[in-house]
Amino acid sequence: MAQPRSDNSVRAATVADLAALLELERAGFPVLEQWSEQSWRSELTEPALQVLIIGTDPLLGAIALRIAGDDVELDRIVVHPRARRSGIARTLINNALDGHRAAEKMILEVWTGNAAAIALYRSFGFTELINRRDYYGPGRDAVIMSLPIQDHRRVQDHRAGEVRA
């Protein structure tokens, strides 16, 4: 993997980022779990969908969001395997939450076997709502998690107060 450029700020993805997103998807997920080019293209072009990315040359991470009324659904998060456990997913989630402060809650589903992702979501304050049996296929259950965005704002405001003090 090439060394990432120094610009690792989060920005909204565009259709021009499609090839890089597909490359990231191939690196981040097994073949049977990968989103198609059409799926990513829809994420980039549908008005109620948003993709945030971090890193350039190579793309280090992406988060796909769906705005559904007062809710923000986290549809996909992918981090390049060589950039995992470096804060990329945390940065993307924080940006997604901060960018949707007017929403009531963020919801997501995650495979119950993905302990690292569940721990990350819990660290934000996400709580488990329900389990969906066989959601990802036979024996691969999902847990639906939710975070009231007001709770995230409160934590962020508290942390900002500690920094200023």
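Draft legend 1. The packing of aromatic side chains, seen in detail. Evaluated as defined, the whole model comprises three aromatic pairs. On the numbers, 5.0 Å between centres and 90° between planes, the contact of Tyr135 with Tyr136 is edge-to-face. On the accessibility criterion, Tyr135 (37% relative accessible area) is partly exposed. We note Arg140 situated over the ring of Trp111; from NZ or CZ to the ring centre the distance is 4.2 Å.

Draft legend 2. The arrangement of the nonpolar core in detail. With 30 residues, the main nonpolar core has Ile63, Leu74, Ile93 and Tyr121 as its most contacted residues. For this core, the element with the most residues is helix H3 (residues 88–98), which contributes six residues. When residues no more than four places from it in sequence are discounted, the contact partners of Ile93 are Ile63, Leu74, Ile77, Leu120, Tyr121 and Phe124. Ala13, Leu59, Ala62 and Val78 belong to the second-largest nonpolar core, a separate cluster that totals 14 residues.

Draft legend 3. Seen up close, helix H2 (residues 37–45). Three or more residues of H2 are buried, namely Trp40, Glu43 and Leu44. For H2, the arc enclosing every buried residue in end-on projection is 95°, short of the 170-degree limit, so these residues lie on one face. Summarising the contacts, the buried residues of H2 are in contact with helix H1 (18–28), strand S2 (49–54), strand S3 (61–68) and strand S4 (71–79).

Draft legend 4. The sheet that holds S4, seen in detail. One open sheet accounts for seven strands, arranged S1-S2-S3-S4-S5-S7-S6; its pairing is mixed. Each end of this open sheet is capped by a strand with a single partner; those strands are strand S1 (10–12) and strand S6 (127–132). For this sheet, the mean angle separating the axes of adjacent strands, direction not counted, is 25°. One ladder, built from three bridges, connects S1 with S2; its direction is antiparallel. What sits directly across from Val10, in S2, is Ile54. Packing against the sheet, H2 makes contact with S2, S3 and S4, and its axis sits at approximately 100° to S2.

Draft legend 5. View of a nonpolar patch on the surface. The grouping of Trp111, Tyr135 and Tyr136 at the surface amounts to a nonpolar patch, some 280 Å² of accessible area in total. Inspection of the secondary structure assignment puts Trp111 in strand S5 (residues 105–111).

Draft legend 6. Highlighting unusual backbone geometry. Even without a glycine there, the phi angle at Arg85 is positive, about 65°. Relative to the helices and strands, Arg85 resides in the loop between S4 and H3. Residue classification places Arg85 among the exposed positions, given a relative accessible area of 79%. Even without a glycine there, the phi angle at Asp134 is positive, about 60°.

What counts, and at which threshold
- Residues numbered from 1 in each chain as written.
- Predicted model: local features only at pLDDT ≥ 70, side-chain atom pairs only at ≥ 80, totals over all residues.
- Heavy atoms only, no water.
- Phe/Tyr/Trp six-rings, centres within 6.5 Å; stacked < 30°, edge-to-face > 60°.
- Buried < 20%, exposed > 50% of the residue type's maximum accessible area, 1.4 Å probe, protein only.
- Lys NZ or Arg CZ within 6 Å of the ring centre and 35° of its normal.
- Core = buried A, V, L, I, M, F, W, Y, C linked by side-chain atoms within 4.5 Å.
- Helix = DSSP H or I, 4+ residues; strand = E, 2+ residues; numbered from the N terminus.
- Contact = heavy atoms within 4.5 Å.
- Arc of directions from axis to C-beta.
- Pairing = 2+ DSSP bridges.
- Axes fitted to C-alpha atoms, helices over the stretch in contact; angles between N-to-C directions.
- Patch = residues over 30% accessible without salt bridge, like charges linked within 9 Å, V, L, I, M, F, W, Y side chains within 5 Å.
- Areas by Shrake-Rupley, 256 points an atom, 1.4 Å probe, with all protein chains shown as cover.
- Salt bridge = Lys/Arg side-chain N within 4 Å of Asp/Glu carboxyl O.

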